Amino acid sequence: MHAGLRITGFAAALAATFGTAYGVGQGVGPVTEDETPARHDAHTGDSESGHSGHESPPAGGLQISENGYTLDLRTPRLAAGRTADLRFAIRGEDGRAVTAFRREHDKELHLIVASRDLNTYRHLHPSRAADGTWSIPVSLPRAGGYRVFADFTPEKKGAENLTLGADLAVSGTYAPQNLPAPDTTATAEGYEVKLGGALRPGAARELKLTVSRNGRPVTDLQPYLGAYGHLVALRSGDLAYLHVHPGGEPGDGSTEPGPDISFTATAPSSGTYRLFLDFKHEGKVHTAAFTVRAGAAATGEEASEEAPHESSGEHGH
């Protein structure tokens, strides 16, 4: 999958209104449903974190339109804690909704919804109506600014995979949260996941995630979206969407069903990133999240130019 910095009118309003609250970490007044997020036009630009000087791959999700395709988000506002349909369409150059998509990772389209502070994350698979309208029931727990990413490949000769992004406002009482501190261990509903390897700007590196439960390696992971794990990486600040590729696939004769899941990733710049690993075990999908730093912002092993190391702990996405 795919995965510029542009501060939208909504995000700017939040920063101006709630800047002090970010410093003290307390809840503040309500975000009203009248606050509609501005949409991004096609653009390029550097992240606040800056670039490291490496040749960087293009980041996805920063544009609402690209290569003649536009993400038309028909539900620009939701209310926190309430379930409602999130509706959108992908439009071509002629303005018509696209109705033919290539299946990738078992789906025609992958929908990612993430809060601007990267504390809330959803990986969804909506349904498409005959007229090209996609929809799915969504409930988001907290008010604030969110980003919606549509990852797809049109069923058209020569069409490339695209990740388009649009802003979503969630109304309610806004209580800002800090980005979790960097860590190489995460928990997910009774599972422990260890992260080995490092993100490097402009250089492909292996990320190895090791899954265990109750201190024992999990060696019977189930396929999820054509792999034993699915990884999404988002850059803090502008939520640039990184392209992450799994290492191997179920049934290829060499990829084991755990405990290790490997991916190859390239950071487009130095900075802080949030990684979200989805994996399936005993019929249920679980999500483990990590905060990592890449490039000049990294310290210790994360800043090493050497090949990525394996994570410590027992080995049994």
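The structure reproduced in this document is the subject of the present report. Position numbers for residues start from 1 in each chain and track the written sequence from start to end. The predicted origin of the model limits local features to residues at a pLDDT of at least 70 and limits the giving and counting of side-chain atom pairs to 80 or more, whereas totals for whole chains, interfaces and linings rest on all residues. As a convention, hydrogens and water are excluded, and side-chain values are obtained from all of the structure's heavy atoms.

## Observations concerning the overall build of the protein
How we decide: The secondary structure listing takes helices from DSSP runs of H or I that are at least 4 residues long and strands from runs of E that are at least 2 residues long, numbered from the N terminus. Buried, partly exposed and exposed residues are distinguished by accessible area as a fraction of the type maximum, computed with a 1.4 Å probe on protein chains only: under 20%, between the cut-offs, and over 50%, respectively.
Counting secondary structure elements, the protein contains one helix and 20 strands. Burial statistics for the protein: of 317 residues in total, 47% are counted as buried.

## Topic: the pairing of strand β11 (residues 162–173)
Condition: Pairing between strands requires that DSSP locate at least two bridges from one strand to the other.
With ten of its twelve residues buried, β11 lies for the most part within the structure. Where strand β4 (residues 77–79) lies against β11, three bridges are found, and the strand directions are parallel. Residue pairing for β11: L78 is matched across the bridge by V170. Here strand β10 (residues 144–152) pairs with β11 via nine bridges, running antiparallel. Its bridge partner being in β11, D151 is matched across the sheet by T163.

## Topic: unusual backbone geometry
That bond from G258 to P259 is cis: its omega, 5°, falls within 30 degrees of zero. Tracing the chain through its elements places P259 in the loop between β17 (244–246) and β18 (260–265). The phi angle at N67 is positive, at roughly 50°, despite the residue not being glycine. For N67, the location among the structural elements is in the loop between β2 (65–66) and β3 (69–73). Here the phi dihedral of N214 falls at roughly 55°; this positive angle occurs in a residue that is not glycine.

## Details of the nonpolar core
Worth spelling out the cut-off: Put simply, a nonpolar core is a bunch of buried Ala, Val, Leu, Ile, Met, Phe, Trp, Tyr and Cys residues held in one set by side-chain atoms that sit within 4.5 Å of each other.
Ranked by size, the top nonpolar core spans 28 residues in total, and within it V193, L199, L275, L277, F279 and F290 carry the most contacts. Counting residues in each nonpolar core, the second largest holds 27 residues, with L78, L111, W134 and F152 among its members.

## Concerning the sheet that holds strand β16 (residues 230–235)
Note the cut-off: For helices, the fitted line uses only the C-alpha atoms of the stretch in contact; every axis is such a line through C-alpha atoms, and the angle between N-to-C directions lies from 0 to 180 degrees.
Pairing within the open sheet is antiparallel, and its three strands lie in the order β16-β19-β20. With partners counted over all chains shown, the strands left at the sheet margins are β16 and β20 (284–294), one partner each. Each strand of the sheet is rotated relative to its neighbour by a mean of 20°, with strand direction disregarded. Pairing geometry for strand β19 (residues 271–281) and β20, over eleven bridges, is antiparallel. Bridge pairing in β20 places F276 opposite A289.

## Quick notes on the sheet that holds β2
Spatial ordering of the open sheet is given by β2-β3-β5-β9-β8, a layout of five strands whose pairing is antiparallel. With partners counted over all chains shown, the strands left at the sheet margins are β2 and β8 (127–128), one partner each. When β8 meets strand β9 (residues 133–138), the two strands line up antiparallel, connected through two bridges. Directly across from R128, in β9, lies its bridge partner W134.

## Re the pattern of salt bridges
Definition in use: Any Lys or Arg side-chain nitrogen located within 4 Å of an Asp or Glu carboxyl oxygen qualifies as a salt bridge.
Using the criterion set out here, one finds ten salt bridges in the structure. In this structure, the salt-bridge partner of E192 is K194, at a minimum N-O distance of 3.9 Å. Of the residues examined, E192 reaches a relative accessible area of 32% and is grouped as partly exposed. Here the salt bridges share partners, and the residues they tie into one network are D72, R74 and R91.

## Here's the deal with the packing of aromatic side chains
Under the convention used in this document: Aromatic contacts are taken between Phe, Tyr and Trp rings whose centres are within 6.5 Å, Trp giving its six-membered ring; a plane angle under 30 degrees counts as stacked, one over 60 as edge-to-face, and the others as tilted.
Summed over the entire model, instances satisfying the criterion amount to seven aromatic pairs. Both rings, one in Y121 and one in F276, keep their centres 4.0 Å apart while their planes meet at 5°; by these two values the pair is stacked. Taken as a pair, Y121 in strand β7 (residues 121–124) and F276 in strand β19 lie far apart in primary sequence, 155 residues in all. Exposure remark for Y121: the relative accessible area of 10% places this residue in the buried category. Aromatic pair Y191 and F279: ring centres 5.4 Å apart, planes at 75°, arrangement edge-to-face. Taken together, the positions of Y191 in strand β13 (residues 191–197) and F279 in strand β19 put the pair 88 residues apart, joining distant regions of the chain. For Y191, a relative accessible area of 4% gives the class buried. Take F279: its relative accessible area is 0%, and that puts it in the buried class. Counting every residue linked through ring pairs, the aromatic cluster contains Y69, F88, F101, W134 and F152.

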